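# Per-entry structural report
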Amino acid sequence: MSVAATVAGVAVPVEAVDAAETRLRGRRGAATLPAAGTAEGRQLRRWLTQLIVTERVVAAEAEARGLSGRGAPAERELLPDATARLEIGSVAAAVLADPRARALFAHVTAAVRVSDEEVAAYHARNPLRFAVPRRDSHGWRVRPPAGPPLDDVRAAIAGHLLGAARRRAFRVWLDARRAALVRLAPGYEHPGDPRQPDNTHRH
């Protein structure tokens with residue numbers, strides 16, 4: 001059996017990556033994917049490997065904590081927009097489609113807090129961030145000349161900062177668990193690993 005990676009010593013066969021690629025190439029929009037065998041195609045397989053090993057890490061960690069996914073927060077709650085998905089990374093965002101992963105997210109980040117000082121400082125730096133647009137005499141939506149008082153937007157700012165802080169905490173935790181549990185075979189390195197030949201990010 002050819003092995004693409006191991007997770008806590010358990011092999012991830014190359015066939016699992018092959019199957020994931022086949023499923024992906026069988027979906028609508030597959031024509032936009034890079035051709036197999038090219039540098040970009042190999043990078044896609046590396047990304048799929050990251051997804052597979054991350055799913056296995058999450059499954060093992062959820063099982064160790066007795067988390068079934070029942071009562072997990074909705075995906076939209078954790079990833080409300082494209083910015084949130086960029087913050088947490090494409091692999092973690094994809095994994096959070098699984099309710100068990102969202103339950104694990106909630107468990108891992110339960111202690112994350114945002115202080116009143118952080119909320120006030122954010123408002124001072126971004127006074128118009130949560131301002132309600134108004135309409136000018138021609139009906140165009142325009143920003144108000146001044147931001148709302150802190151008390152009017154405190155809850156919105158706190159929710160915004162808490163969401164970002166929880167995503168950051170989960171990403172850091174997940175990176176650490178993958179570093180501890182995952183070993184990648186040559187050819188299946190992280191797509192961003194500068195040591196692998198298909199990495200195109202150069203300084």
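The structure displayed is predicted, hence computed values, not measured ones. (Residues numbered from 1 in each chain as written. Predicted model: local features only at pLDDT ≥ 70, side-chain atom pairs only at ≥ 80, totals over all residues. Heavy atoms only, no water.)

This next bit is on the packing of helix H2 (residues 39–64) against helix H6 (residues 99–108). The interhelical angle for the contact between H2 and H6, taken along N-to-C directions, is 60°, at an axis separation of 9 Å. Crossing hand, H2 versus H6: left-handed. Across from Val58, Ala59, Glu61 and Ala62 in H2, the residues of H6 making contact are Arg100, Ala101 and Leu104. Class assignment for the residues of the contact of H2 with H6 results in five nonpolar, no polar and two charged. (Axes fitted to C-alpha atoms, helices over the stretch in contact; angles between N-to-C directions. Helix = DSSP H or I, 4+ residues; strand = E, 2+ residues; numbered from the N terminus. Left-handed = near helix turned anticlockwise from the far one by under 90°. Contact = heavy atoms within 4.5 Å. Nonpolar A, V, L, I, M, F, W, Y, C, P; charged D, E, K, R; others polar.)

Moving on: H2. For H2, with 26 residues, the first-to-last C-alpha span of 38 Å sits near the 38 Å given by 1.5 Å per residue. The positive-phi residue at the C-terminal boundary of H2 is Gly66, with phi of around 70°. (Expected span 1.5 Å × (residues − 1).)

Inspection of the secondary structure assignment puts Glu21 in helix H1 (residues 14–25). Accessibility expressed as a relative area gives 9% for Glu21, which makes it buried. If we skip the residues at most four places from it in the chain, Glu21 touches Ala36, Arg45 and Leu48. (Buried < 20%, exposed > 50% of the residue type's maximum accessible area, 1.4 Å probe, protein only.)

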